[in-house]
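Below, each chain spelled out in residue letters.
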Amino acid sequence: MTDTFRHSGEYPQHPQGAYPPPPAYAPEEPPKPPRRRAKGPLALLAAVAIAAAAIGGGTAYAFQELTGDDSSSSSSATSTDVVPTSQKGTVSGVAEAVSPSIVEISAKSSAGSATGSGVIITDDGEIITNNHVISGASSVKVTTNDGKSYTAKVVGTDSKKDLALIKLQGASGLKAASLGDSDNVKIGQDVVAIGSPEGLTGTVTSGIISALDRDVTVSTGEGQQQPGGGEGGWPFEYGGEQFNGDTGSSKTTYKALQTDASLNPGNSGGALIDMNGNIIGINSAMYSPSSAQGGGESGSGSVGLGFAIPVNTVKADLDTLRAGSTD
């Protein structure tokens, strides 16, 4: 038999349809090129999104700010949610949250006595009220929402704005009110008023903002304090006409918020509050038809024409009042 020789690398011939055996090992695939890192804004946004998911709301807020997403922003940047979430937007929730910050004020002077209200603005007993509540007072007594009584001294007054600052003696741990932003107040929004009408401490009423920037004129002189009760509302002027009596020759005019929340004698110096529990005004005047007609009875009470000093006016005047300025 004759031997058949073949060159290296050749395979012997196989019958038709047969194939050579596969190699012992699969051939290696060529290496893939490395993936390039994403660059530019897409990578930045992805990184921020991952960080937001990892550490929560603070970074998520930053992400919204960077991307211009303000869908979850609040209606007022300076607003504070004093009312618990479960009671937000309810009169009862506002009353429960803010009533501890509202006080009754009893002022005695040579002209008689006046009963009004006030708003606690510091935990050691600084209180904002109307100047006409304590004007000319020889003594000032304050009763807090929990029934405690304090002697107060007058720190400063501003008769041109009908504002006064008093300070309780020996007080601490009081609940200070949250002062809101009256520039954000809108006609028709819901409000709550808290005060001591006719000496009824902690009375709560509600309504809406009826108008803005009303030019209300009130007295700046002594002897024109709000009546202690049973004599109608305190005197003021609007549109050149006098209401609730004679304001006298010494007077001042300021821009006021108008509300239909019921105000009566004793509410003066108390709080007008938004539905988040922020003070937006200090109640200062109301219209009483019985006194305007010269009647001796106050049975008709409030007819839904009340006025409040905007809280931004109060905040702008605090340094002057704390400096002890009186006029």
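Quick summary incoming for the structure in this document. (Residues numbered from 1 in each chain as written. Predicted model: local features only at pLDDT ≥ 70, side-chain atom pairs only at ≥ 80, totals over all residues. Heavy atoms only, no water.)

### Concerning the pattern of salt bridges
Note the cut-off: Note on definitions: salt bridges are taken to be side-chain nitrogens of Lys or Arg within 4 Å of carboxyl oxygens of Asp or Glu. Per the convention used, a helix needs a DSSP run of H or I reaching at least four residues, while a strand needs a run of E reaching at least two, with both numbered from the N terminus.
Across all of its chains, the model carries six salt bridges by this definition. One salt bridge in this structure joins K167 and D124, with 3.9 Å as the shortest N-O distance. Taken together, the residues K167 in strand β6 (residues 163–168) and D124 in the loop between β2 (112–120) and β3 (126–129) connect sequence positions 43 residues apart. Across the salt bridge formed by R322 and E126, the nearest N and O atoms sit 2.7 Å from each other. Placement of R322 in helix α6 (residues 311–322) and of E126 in strand β3 is noted, with a sequence separation of 196 residues between them.

### Some words on the nonpolar core
Going by this rule: Take the buried Ala, Val, Leu, Ile, Met, Phe, Trp, Tyr and Cys residues and link them wherever side-chain atoms come within 4.5 Å; each set so joined is a nonpolar core. Note on classification: 1.4 Å probe, protein chains only; a residue is buried when its accessible area is under 20% of the maximum for its type, exposed when over 50%, partly exposed between these limits. The contact criterion used throughout is that any non-hydrogen atoms of two residues lie within 4.5 Å.
In this structure, V98, I128, V216, L272 and I279 are the most contacted members of the largest nonpolar core, which totals 43 residues. Per-element tally for this core: the top contributor is strand β14 (residues 278–286), with five residues. Ignoring sequence-local partners within four residues, the contact set of I128 consists of G118, V119, I121, L163, A164, L165, G269, I282, V314, L318 and L321. One finds V103, I105, I134 and V142 within the second-largest nonpolar core, a separate group that totals 16 residues.

### Notes on α6
In plain terms, the rule: Helix span is expected to be 1.5 Å times the residue number reduced by one.
Here α6 contains 12 residues, and its C-alpha end-to-end distance of 16 Å stays within 8% of the 16 Å for a straight helix at 1.5 Å per residue. Positive backbone phi, approximately 85°, marks G324, located one or two places after α6.

### A word on helix α3 (residues 91–98)
Along α3, the residues classified as buried are G93, V94, A95, A97 and V98. Packed against the buried residues of α3 are β1 (102–109), β8 (190–195), β9 (203–219), β13 (271–273) and β14.

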